[in-house]
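If you want the building blocks of each chain, they are given just below.
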Amino acid sequence: MTIANQKGGVGKTTSAVNVAAALALHGLKVLVIDLDPQGNASTALGVEHRSGTPSIYEVLIGDVSLPDATAVSDQSDDLFCVPATLDLAGAEIELVSMASRESRLKEALTSQSLDELDIDYVFIDCPPSLGLLTVNALVAAREVFIPIQCEYYALEGLGQLLSNIELVQSHLNPSLDVSTILLTMYDGRTKLADQVADEVRRHFGEVVLNTIIPRSVKVSEAPGYGQTVLAYDPGSRGSMSYMDAAREVAERGVEEKESA
Ligand code: ATP
Ligand code: MG
């Protein structure tokens, strides 16, 4: 699953690491690929990402295999991460002149490398842009997971994301599906949050998860300790809501398998 939304700060990274951690807590083996030079997902998973560490950058340019760049999170033996270092900041430009520049992540994410690591789920955390890194993520994935912040302007720019997804579907990855939308940072005290949530549900229907992630201080504090909120404060509202979201994601996966 590729977690994408070119709007910054909507909860992409928070959703990637916490849904991943929740699935890992249930014994599934989960890999988070940090595809953002900011390296926020690597930070939240407590994984080394200083410049020079084998990372997604070396994987994209073909210097290192995916398994060789994969680290285990200190929070769970079932939670893995391919970190992003600052080197990735140059990749957007370096990739332009490379062969099959849109499919380099797909080529690295072979079933052989996933089997080697025995992975059940992969989440790709995108940067807040629609550049080549995000295109690589959309080409490599089967599903797109879009976090939407319950704020004014939340839907702005979404049209652009969706038309980019359509372009990728028609040219590079026909089986790509926008399968999941998650409403994040919901503040029940404001009417606006409800209005945004209603509008998103009207627009996208069943794709929207029933679970809504509330705005919660614990969620925002956790990365400061190099942790997911599930590790930082397992009983908190934020933690519980990410557990619920992950359960929905897992149940949908099972339904899909059964209908296939
Ligand atoms: P970017 O576009 O920069 O990659 P992003 O979409 O990955 O951002 P996050 O980094 O997940 O967004 O979240 C943005 C900020 O909001 C972070 O400081 C995060 O800790 C905080 N945040 C995310 N979800 C919540 C929440 N439910 N409650 C409170 N704070 C949150
Ligand atoms: Mg992020």
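Use the structure listed above.
Residues numbered from 1 in each chain as written. Chains lettered and ligands numbered in written order. Predicted model: local features only at pLDDT ≥ 70, side-chain atom pairs only at ≥ 80, totals over all residues. Heavy atoms only, no water.

Participant: I would appreciate a short explanation of the layout of surface pockets in the present structure.
Facilitator: By rolling a water-sized probe across the atoms, one finds the places where empty space is left. Roughly 1,100 Å³ of internal volume is contained in the largest pocket. Looking at the lining of the largest pocket element by element, the count peaks at eight residues for helix H13 (residues 237-259). Taken together, the residues of the lining of the largest pocket break down into 15 nonpolar, six polar and 10 charged. Within this model, the second largest pocket holds a volume of roughly 480 Å³. Around the second largest pocket sit 30 residues that line it, and Gly-11, Lys-12, Thr-13, Thr-14 and Met-185 are the ones nearest its centre. Put simply, the parts of the chain that give the lining of the second largest pocket at least two residues each are helix H1 (12-25), helix H2 (40-44), strand S7 (177-186), strand S8 (208-214) and helix H11 (217-221). It is H1 that contributes the most residues to the lining of the second largest pocket, five residues altogether. Class assignment of the residues belonging to the lining of the second largest pocket gives a composition of 13 nonpolar, 14 polar and three charged. (1 Å grid on protein atoms, 1.4 Å probe; cavity = no way out; pocket = protein on both sides within 12 Å on 5 of 7 lines; lining within 4 Å. Points joined across faces, edges and corners; volume = space filled by probe spheres on them. Helix = DSSP H or I, 4+ residues; strand = E, 2+ residues; numbered from the N terminus. Nonpolar A, V, L, I, M, F, W, Y, C, P; charged D, E, K, R; others polar.)

Participant: For this particular structure, what's the right way to read the nonpolar core?
Facilitator: When a protein is soluble and globular, its nonpolar side chains tend to lie buried together. Core analysis: the largest hydrophobic core is formed by 54 residues, its most contacted members being Leu-31, Ile-33, Ile-56, Ile-124 and Ile-146. Residues in contact with Ile-146, not counting those within four places in the same chain, are Ala-4, Asn-5, Leu-158, Leu-161, Leu-162, Ile-165, Val-178, Thr-180, Ile-181 and Leu-182. Leu-79, Phe-145, Ile-213 and Val-249 belong to the second largest nonpolar core, which has 34 residues in total. (Core = buried A, V, L, I, M, F, W, Y, C linked by side-chain atoms within 4.5 Å. Buried < 20%, exposed > 50% of the residue type's maximum accessible area, 1.4 Å probe, protein only. Contact = heavy atoms within 4.5 Å.)

Participant: Can you help me understand the sheet that holds S8 in this one?
Facilitator: One key point about sheets: their strands pair by backbone hydrogen bonds, in either a parallel or an antiparallel sense. Pairing in this open sheet of eight strands is mixed, and the strands run S3-S4-S2-S5-S1-S6-S7-S8 from one edge to the other. Every other strand in the sheet has two partners, leaving strand S3 (71-72) and S8 as the edge strands with one partner each. (Pairing = 2+ DSSP bridges.)

Participant: In this structure, what is going on with the site of ligand 1? I would like to understand it.
Facilitator: Lining the immediate environment of ligand 1, one finds 18 residues, of which Lys-12, Thr-13, Thr-14, Pro-214 and Ser-216 sit closest. Contacts to ligand 1 include Val-10, whose backbone N or O atom sits 3.0 Å from an oxygen atom. One nitrogen or oxygen atom from the main chain of Ser-216 is found 2.8 Å from a nitrogen atom belonging to ligand 1. Among the detected pockets, ligand 1 sits in the second largest pocket. At the level of elements, H1, S8 and H11 are the ones that each hand at least two residues to the shell around ligand 1. For the shell around ligand 1, the leading source of residues is H1, giving three residues. (Near = heavy atom within 4 Å. Polar contact = N/O pair within 3.5 Å; in protein donor to acceptor, adjacent residues only side chain to side chain. Sits in = over half its atoms within 2 Å of the grid points.)

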